[in-house]
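Listed here are the chains, written in short residue letters.
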Amino acid sequence: RHHHRSHAGRVDHRLLRERRFDLRGARDILDVGSGAGQIAKHLLKYADPAARITCCDLSPEMLRRARNRLKNPLPTHVAADLARLPFADESFDCVTCGYVLKHLDDGGARALLIEVRRVLEPGGLAVIWEFGPTGNPRLDAWNARVLAAGVARPRLRSSATLRRLATEAGFP
């Protein structure tokens with residue numbers, strides 16, 4: 001039986017395991033663009049047992065896949081437009097968002113980041129995982145093709161561009 005592990009999953013796991021992204025003490029965690037639960041799996045493993053985890057995705061089908069994959073009753077699953085999150089202002093102390101921005105143009109990415117900022121309480125932690133350009137045109141072209149699954153035009157943004165979008169969304 002063949003098991004595939006993406007490099008992205010190893011990066012997520014290592015950041016959490018090594019506590020470079022430390023979930024200890026987080027009470028309310030939102031995973032935006034949760035998909036099939038790739039990041040939520042790690043959140044369940046490394047968050048405090050009393051933490052509430054909410055998985056949010058546009059696709060009810062992806063959330064169903066997440067429920068089946070996680071086999072854990074703890075996360076709440078919410079289908080919603082990520083540019084209009086159905087949560088009160090400042091309702092989470094931690095927000096994660098992995099591999100979503102490549103699906104969005106700059107306006108959509110900015111709208112999503114504005115929503116992340118809105119639902120994040122002051123002093124809360126937001127972590128955005130995303131693929132970026134490598135500087136090697138051939139590798140970037142390959143990554144764009146590989147990452148294009150279900151994406152009309154994947155957008156690989158530099159860290160400087162992501163910082164600019166985050167600043168425009170109100171992050172310090």
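The text that follows walks through the structure, step by step, so that each part is easy to find. Because the structure is a prediction, the values reported are computed rather than measured.

A short note on the nonpolar core
Then, in step 1: Formed by 24 residues in total, the largest nonpolar core has its most connected members in L30, V32, L85, F87, V95 and L112.
Then, in step 2: Mapped onto this core, the elements with two or more residues apiece are β1 (28–32), β4 (92–98), α4 (106–119) and α6 (159–168).
Then, in step 3: The element that contributes the greatest number of residues to this core is α4, accounting for five residues.
Then, in step 4: Excluding its chain neighbours within four sequence positions, the residues that come into contact with F87 are L30, T54, C56, V78, F92, R118 and V119.
Then, in step 5: By size, the runner-up hydrophobic cluster in this structure holds 17 residues, among which are A26, A47, C94 and W129.

Concerning the sheet that holds strand β2 (residues 52–57)
Then, in step 1: A sheet is described by the order of its strands in space; here five strands give the open sequence β3-β2-β1-β4-β5, paired in parallel fashion. Of all strands in the sheet, those with a lone pairing partner are β3 (76–79) and β5 (120–129), marking the two edges. Neighbour-to-neighbour, the strand axes of the sheet open up by a mean angle of 20°, direction not taken into account.
Then, in step 2: Inspection of the sheet shows β1 paired to β2 by five bridges, in the parallel sense. Counterpart to V32 in the pairing with β2 is C56.
Then, in step 3: Against the sheet, helix α2 (residues 38–46) touches β1, β2, β4 and β5, its axis set at about 165° to β1.

Some remarks on the packing of aromatic side chains
Then, in step 1: This structure, assessed with the given rule, holds one aromatic pair.
Then, in step 2: On the basis of an interplanar angle of 90° and a centroid distance of 5.1 Å, the ring pair of F87 and F92 is categorised as edge-to-face. When sorted by exposure, F87 lands in the same class as F92, which is buried.
Then, in step 3: Directly above the ring of F171 sits R117, whose terminal nitrogen or CZ lies 5.9 Å from the centroid.

Topic: the pairing of β3
Then, in step 1: Across four bridges, β2 lies against β3 in parallel orientation. Within β3, the position partnered with C55 by the bridge is H77.
Then, in step 2: Once the chain exits β2 it traverses helix α3 (residues 60–70) before rejoining the sheet at β3, and the crossover so formed is right-handed.

As for a positive patch on the surface
Then, in step 1: On the surface, K41, K45, R65 and R69 cluster together into a patch of positive charge.
Then, in step 2: Counting residues per element, the ones that place at least two in the positive patch are α2 and α3.
Then, in step 3: As for its position among the elements, R69 is in helix α3.
Then, in step 4: Under the relative-accessibility criterion, R69 is labelled partly exposed at 40%.

Remarks on a nonpolar patch on the surface
Then, in step 1: Together, L139, W142 and V146 give the surface a local cluster of nonpolar side chains, amounting to about 290 Å² of exposed area.
Then, in step 2: Looking at the secondary structure, you find V146 in helix α5 (residues 137–146).

Here's the deal with the pattern of salt bridges
Then, in step 1: Counted according to the given criterion, the structure contains 11 salt bridges.
Then, in step 2: A salt bridge links R27 to D93; the nearest nitrogen and oxygen atoms lie 3.2 Å apart. Of this pair, R27 sits in the loop between α1 (7–17) and β1 while D93 is found in strand β4, placing the two residues 66 residues apart along the sequence.
Then, in step 3: As a salt-bridge pair, E61 and R64 come within 2.5 Å of each other at their nearest N and O atoms. Of this pair, E61 and R64 both sit in helix α3, three residues apart, which is roughly one turn of the helix.
Then, in step 4: Assessed through its relative accessible area of 38%, E61 is described here as partly exposed.
Then, in step 5: With a relative accessible area of 40%, R64 lands in the partly exposed category.
Then, in step 6: Residues joined by salt bridges that share partners form a network here, namely D106, R110, R157, R164 and E168.

The rules we used
Residues numbered from 1 in each chain as written. Predicted model: local features only at pLDDT ≥ 70, side-chain atom pairs only at ≥ 80, totals over all residues. Heavy atoms only, no water. Core = buried A, V, L, I, M, F, W, Y, C linked by side-chain atoms within 4.5 Å. Buried < 20%, exposed > 50% of the residue type's maximum accessible area, 1.4 Å probe, protein only. Helix = DSSP H or I, 4+ residues; strand = E, 2+ residues; numbered from the N terminus. Contact = heavy atoms within 4.5 Å. Pairing = 2+ DSSP bridges. Axes fitted to C-alpha atoms, helices over the stretch in contact; angles between N-to-C directions. Phe/Tyr/Trp six-rings, centres within 6.5 Å; stacked < 30°, edge-to-face > 60°. Lys NZ or Arg CZ within 6 Å of the ring centre and 35° of its normal. Right-handed = clockwise from strand over helix to strand, strands pointing away. Patch = residues over 30% accessible without salt bridge, like charges linked within 9 Å, V, L, I, M, F, W, Y side chains within 5 Å. Areas by Shrake-Rupley, 256 points an atom, 1.4 Å probe, with all protein chains shown as cover. Salt bridge = Lys/Arg side-chain N within 4 Å of Asp/Glu carboxyl O. Lys, Arg positive; Asp, Glu negative; His and termini not counted. Charge placed at Lys NZ, Arg CZ, Asp CG, Glu CD.

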